[in-house]
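If you want the building blocks of each chain, they are given just below.
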Amino acid sequence: MFQRQKIEQSFYNIMAFGILILFALPAIWVIFTAFRPANEVNVTPPIWIPQKITLDAFASLFGFNPDIAAGVPVGSYMWNSIRVSLLSTIISVGLGTMAGYAFSRFRFRGHTLVFLLIMLSRAVPGVALGLPLFLLMRQYGLVDTVHGLALVYIAINIPFTAWLMDGFFRQIPKELDEAAYIDGCNHWSAFWRIDLPLALPGMAAASIFAFLASWNEYQLASLLTKTPVAKTFPVGLFDFTSQFTVDWRGMAAMSVLMMLPAIAFVILTQRRLTEGLTFGAIKG
Amino acid sequence: MTTTSAKQGEKANQAGVVSAPRHSSSRTTWFPFILIAPSLIVIALVVIYPVLYSIYVSFTPFHLLRPEQTFVFTTEKMWNNYIKLWNDDVFWKSLRNTVIFLAVTVNVSYLVALALSQLLARVSRGQSVMRTLLMVPMMFAPVLVGFQFAWFFNATVGLVNNALFSLGLMQEPKAWLVDQPTGMIAIMLATIWMNIPMLTIILLAGTLSLPQETFEAARVDGASAWQRFKHITMPLIKPFTLIALTVLSLDIARAYDVVRIMTGGGPAHRTEMIWTYTGRLAIRNSQFGLASAMSMVAVVLGVFFTLYLFRQLIKSRVVY
Amino acid sequence: MKYLNWRILFFLMVALVLAACGGTDEPADTVETPDEKPAATEAATGSDETESTDSTESGDTVEVEAPTGVSNGLDKDLSGTTIRMATIGGQPYEAMYDSIGKFEEETGATVEIVFLGDGFEIDRYLKTNYAAGTEDYDVAWNHTSFMAQYTNFVEPLQDWFSDEELAAFSPAIIEAATIDGDLQLIPRHADISGMHYRTDLFEDPDLQAAFESAYGYPLAPPATLDEMYDMAEFFVGEGVVQYGTQFAGKEEALAGRFYEVLVANGGNYFDADFNPIFDDEAGKMSAQWMLDLYTNGLIPADTPNLLWPEVAQNFCDGNVAFYLEWYGWYSYFQDPENCAVAGNFGIVRGPVGAGNDHTGWAGAHAFSVAKASENKDAAVALVKFLTSEAVAYDEAKLGLLPVRDDVWARVIADASASDVPLDAARLEVAQLQIAEDFFTPPLFPDWISFTDTWYPTLQGIILGDMSVDEGLEQGVNDARDLLDSFGYYE
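In this text, all values refer to a predicted model and were calculated from it rather than measured experimentally. (Residues numbered from 1 in each chain as written. Chains lettered and ligands numbered in written order. Predicted model: local features only at pLDDT ≥ 70, side-chain atom pairs only at ≥ 80, totals over all residues. Heavy atoms only, no water.)

Draft legend 1. Molecular detail of the domain arrangement of chain C. Residues and elements named next belong to chain C. Per the domain assignment, the segments making up chain C are domain 1 (66–191 + 362–423) and domain 2 (192–361 + 439–485). Between domain 1 and domain 2, the C-alpha centre-to-centre distance is 29 Å. Domain 1 puts 25 residues into the contact, and the matching count from domain 2 is 27 residues. In this assembly, domain 1 packs against domain 2 so that about 2100 Å² is buried in total across both faces, 67% of it on carbon and sulfur atoms. The largest per-residue losses of area from domain 1 upon contact with domain 2 belong to Phe 120, Ala 362 and Leu 422, which jointly make up 31% of the total buried on that side. At the boundary of domain 1 and domain 2, one finds zero salt bridges. If you look at where domain 1 meets domain 2, you find four residue pairs in polar contact (both at pLDDT 80 or more). Split into classes, the residues belonging to the side of domain 1 that touches domain 2 amount to 14 nonpolar, seven polar and four charged. (Domains from an automatic or database assignment. Contact = heavy atoms within 4.5 Å. Buried area = accessible area lost by both parts, 1.4 Å probe. Salt bridge = Lys/Arg side-chain N within 4 Å of Asp/Glu carboxyl O. Polar contact = N/O pair within 3.5 Å; in protein donor to acceptor, adjacent residues only side chain to side chain. Nonpolar A, V, L, I, M, F, W, Y, C, P; charged D, E, K, R; others polar.)

Draft legend 2. Local environment of the interface of chain B and chain A. Across the boundary between the two partners, chain B contributes 105 residues, which contact 99 residues of chain A. Together, the buried faces of chain B and chain A total about 9400 Å²; carbon and sulfur atoms form 79% of this surface. Summed over the shared surface of chain B and chain A, the number is zero salt bridges. For the interface between chain B and chain A, the tally reads six residue pairs in polar contact (both at pLDDT 80 or more). With 20 residues, the single largest contributor to the side of chain B that touches chain A is helix H2 (residues 31–57) of chain B. Each residue belonging to the side of chain B that touches chain A can be placed in one class, and the counts come to 76 nonpolar, 20 polar and nine charged. (Helix = DSSP H or I, 4+ residues; strand = E, 2+ residues; numbered from the N terminus.)

Draft legend 3. Structural context of helix H22 (residues 447–463) of chain C. Residue and element names in this part refer to chain C. The end-to-end C-alpha distance of H22 is 24 Å, a good match for the 24 Å that 17 residues give at a rise of 1.5 Å each. Taking the largest bend as the criterion, H22 deviates by roughly 30 degrees, centred on Trp 454, and proline Pro 456 comes between one and four positions later. Of all 17 residues that make up H22, 17 are buried, and the element is covered over most of its length. Within two residues after H22, Gly 464 carries a phi angle of roughly 85 degrees, on the positive side. (Expected span 1.5 Å × (residues − 1). Bend = angle between axes of the 7 residues up to and from the residue. Buried < 20%, exposed > 50% of the residue type's maximum accessible area, 1.4 Å probe, protein only.)

What follows is the structure in C-alpha cells.
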C-alpha cells in the first residue's frame, strides 16, 4: 500500500515537471536565441541547446549605429517604462486602496452601482479609448509625456486594485475598527492606523498586477507616445521589428531585456501574489 | 466630472452610512465618498469622457484627414455609421470571430488551468521550481507573446515547420498563420498560453486551502478520485473559479496585441476580430466615425462579459 | 516621498479637470487647425478653383525671397537649431542617414530623428500627427503614392527652391509631385521594379533543353506574364527551386503589384471619374493569374504574410527563380556575405501583359517639410542636403535609382568602369523602364484607404475564399462605397 502510494506520488511529480517544462518551452527558446551566435538562428534542423553563449545580440542592440541619433534607444525606452510603471503603480494602488476600503466598510446608496461602474471601466477595450484620448490629451500637451501615459495607466489599474483591496478589507474583522472608535479614533485614523497596516500584503499583490499591466501595455502607449522622450519598451520593440523584420535574434534579445524587471518583480513577490489574490475569496 | 461627485454627495446625505459606527456624526457620512472620489475622477477623465466622446463621434461621419468637412452632426445622418456596420459582412465576420475566440480561449484556458492546478496540488517535491516555471509566461508582455508565436509559426523560418521537417513529418512548408483554421488556432494557442499561469495560481491556491479531513472522510467512505473532485473540490473552489475568470475577463482585450502582431486580422479577414477591424478603420483608413461606432460594439461586448461574471461573483459572496 | 506623490497626483487631477471641461471646445478647435482645402472633391473633379485659397494660406511663405543659385544645404549657419525628422527606416534606407553627421558638423545644427518605421508605419504616424496637429517633426518622409493624403499639411516647396535647383531633378517626377501648383516634395530616389532572375537557373543547358521541349519556346528571362507562369511552373516542377516567383502579399504592396499586372493587361483601377472598373476582363485575368500561382504552389504558401523585406530575403537566400523587385536591394543582393544569389542574378525589364503594356508601377521616395514646422529655413536646408548630388550619389552607389541627372551621369560612369557587367546593364534597364514604363498609381488622397479596403478582398481571391468574379465584384462595390462616402460622385 505504502509502496503503491510512493510510486503514484513520483508519477505525479514527474508528470507535472514534464508538462511544465513543455509549457515553458517557448519562453526558454526565446531566451536561448538571445544568447546564440547568429549562425545558429533559424537553421534546419534546429539547434536546441546553444553551442556557444554570446552577447553579440545585446551589444548590437546597444551599440547600434552609434553615429546617428536614431538607432534603437533601448536605454531611454527602459527608463521611460520604469518611470511610467512605478508612478502609475504607486498612485493607482494608493487610490484603489482607498476606494476598496470605502466599498468594504460602508454601505451606502448606489454602492453596487458605483462599484460596478468602476469595474466596468476596466472592460472598455483600448481601441475604444485610444484616439479620443489622443485628441483630448494633445490639447493639454500630455501626448508624448511620461505623466500623461502614467495618468492613463492609473485609471486602468484602479478598478482591479479596488476590487482586490475590497476583498482584503472584508477579511479584516470589523471589531478591530469598533475598538479603535471606542478609543477615540475617527474614520481616518482607523483606516490609517488599524486597517492599512493589516492590508499591506494585499497592497503588495495589487502592486504586482498594476506594475505588470503598465509595464506590458502596448496599445495605448503606441498612440500616446511618439518619441524616445516617453516611448515605452513594448512600443520600442514594435518599432524595432517593423524596421528589421528579419532580425529574430535582435527581437529575442530585446524580449529578454524587457522581461528582466518583470522577472525580478514577480520572483521577489511571488508568495504575496498568491496570498493577496486569494485572501479575499476565502470568506468573501 | 465635478457634477458626478456632487451627486454622490447628495446621495450620501440621504442614505447615511449603514455600517458606520454608532457615534458617527453627520460629517463622517462623507467619508466613503472622499475615499472613492479621486478614483472616480481619474476614471471619469480617462475612460468615461473618451467613451462619451466616442459615442458622439459615432453619430458623425468624422474622417481624420478632412475633419472640417466631416465632423458634423446631423440628425438625418446620425445612424449612417451603424447602418453601414449592419450591412458590412466583414463586421459580422469579425464579431463572429471575436465571440468564438473568447469562448474557446476562456474555456480552454480554464480547463487546462484546472487540470494543471489539480496536478500541482499533488506534487510533493520541487514546488517552488515548478511554480516559477509556471509563471514564466506572466513575464512576457502580450506584445512579446505575439512576436514569439508569430516567429514559431512562420512558414519559412518558423520553429514549428523547422522541427516537423527535421523529424521528417512534413515535406511541404505549412503556412500556419495563413491557412484556415490554423491561423485562428495559433492565435488562440498563444492567448491560452498567456492566460494559464494566472488562472492556475488562483485555482491552486484554492485547492490547497481546502480542508484535508473532508477528503479523508470521503476516501474512507469509498468515493473515487473523480467523485471527490466533482463533489468536494469543484463546489468548494467555486469562488476561486469566479475570481480567476473575472481576472481573465478584465484583461481579455490584451488579446488585441497578440492578434495584431501575429496576423493583424488577416489574411483576407480570416482572423479579423472586432478590435483589429476597429483599429484598421480608425487609423489606417482614417474613418474615425465608423470606427467609433464599431468600438461601441466592442465596449458593449466587454461590459456584458464582465457584468455577467461580476453578478456571479457577488451572488457567490452572498452565499458565503 | 508620500507627499511628493500626492502633490503630483493633485496637480494631474487639476490639470485634467481643466482638460475635461475645456474638452468640449475640441471639435471647434479641430475645425480650425487644418486649412480649408476640400482635398477629396478637389482630386475627384480636378478643379482649379482652390488656387485662391492656396495663395492666402501660403501667405507666410510669400515673404520668403525666392532663392537663387544652387545650395547643397551646407552653406547656412544653423548653430543651436534642432531639426526634427520623421522618416522611413529599413535596410536600404538607413545608409543615407549616416551622412547627417556631416550636415550637423558643417552647419552646427542638431538633427533628431523622432520616428523611424517601414513605409506603412511611417504613413500611419504622419497621418495621425498631421490630422491631430501634433507634428513633432520639421522634415517628414513622403512618397508620390502617399503624398496626396498630406497636401494640406506640407509646405509648398517651389518657393524654397530655385529653378536651377529644381532643374536638377527628373522633370517627370517634379511634375507628378506638383498638385495645384504646389510642389509637395523633393524626390530622394525613384522606385520601379525590374525582373530579377537567377542566372544559374536560366543559363543551365539541361534546364534550357528541358524547358524548350516541354513548352515549345526557349528558356529566357520571362518577357510576358504568361511566360512568368510557365517558367514558375517549370522550375518548381523540376524541383530546382522552392518557389517559381513571388510577390509581397499584403497592404498597399499587394494592391500595387496587382495594379501593375492590371495595367499590363490593359486595365485600370478607376476611370477618369473615379468609377472603379477593375472587374473587367483585364481584372479577371490579373486576379486569376495570382490565384493560379498560389493554388499551384508556385509562390510561397505564406504569401499573404510577406512584405518587402521578407520577399527580398527569399530571393537573397536563393529560394525563388525570378520576381519583380525594385533596384534598392542591389548592393545587398550582390554581397556574398549576406546573399546566396550574389553574382548569380540578372535584371531585365518588367513583363508584358495581355494589353501589351509593360509592368511599371512606380513612384519616388521623397522628403517634405511640415507646414507646422517653426524653422522651415533649417528644415529646407536639411532637405537640400539630403537630396544634394553628393548624398544622392552615395545612396545611388547602394543600388537605389537616382532622380538627379548629375547623379545618373556619375553612376553610369562608375558602372562602365566596373568589372561586374550587371552594374552597367541594370542601369540601362532602369533608364529604359523609367523612360517607357513609369506610371504612378492614381494620385488621389484616398489611395491608401482604397488599397486598405481592397487588399484583404484580393487576398480572399488568392486564398480561394471567394471566386475571382465574386471578389472583383465585391472589390468594386467596396471601392465605390468608400469613395462615395468621401463625396467623389456628388
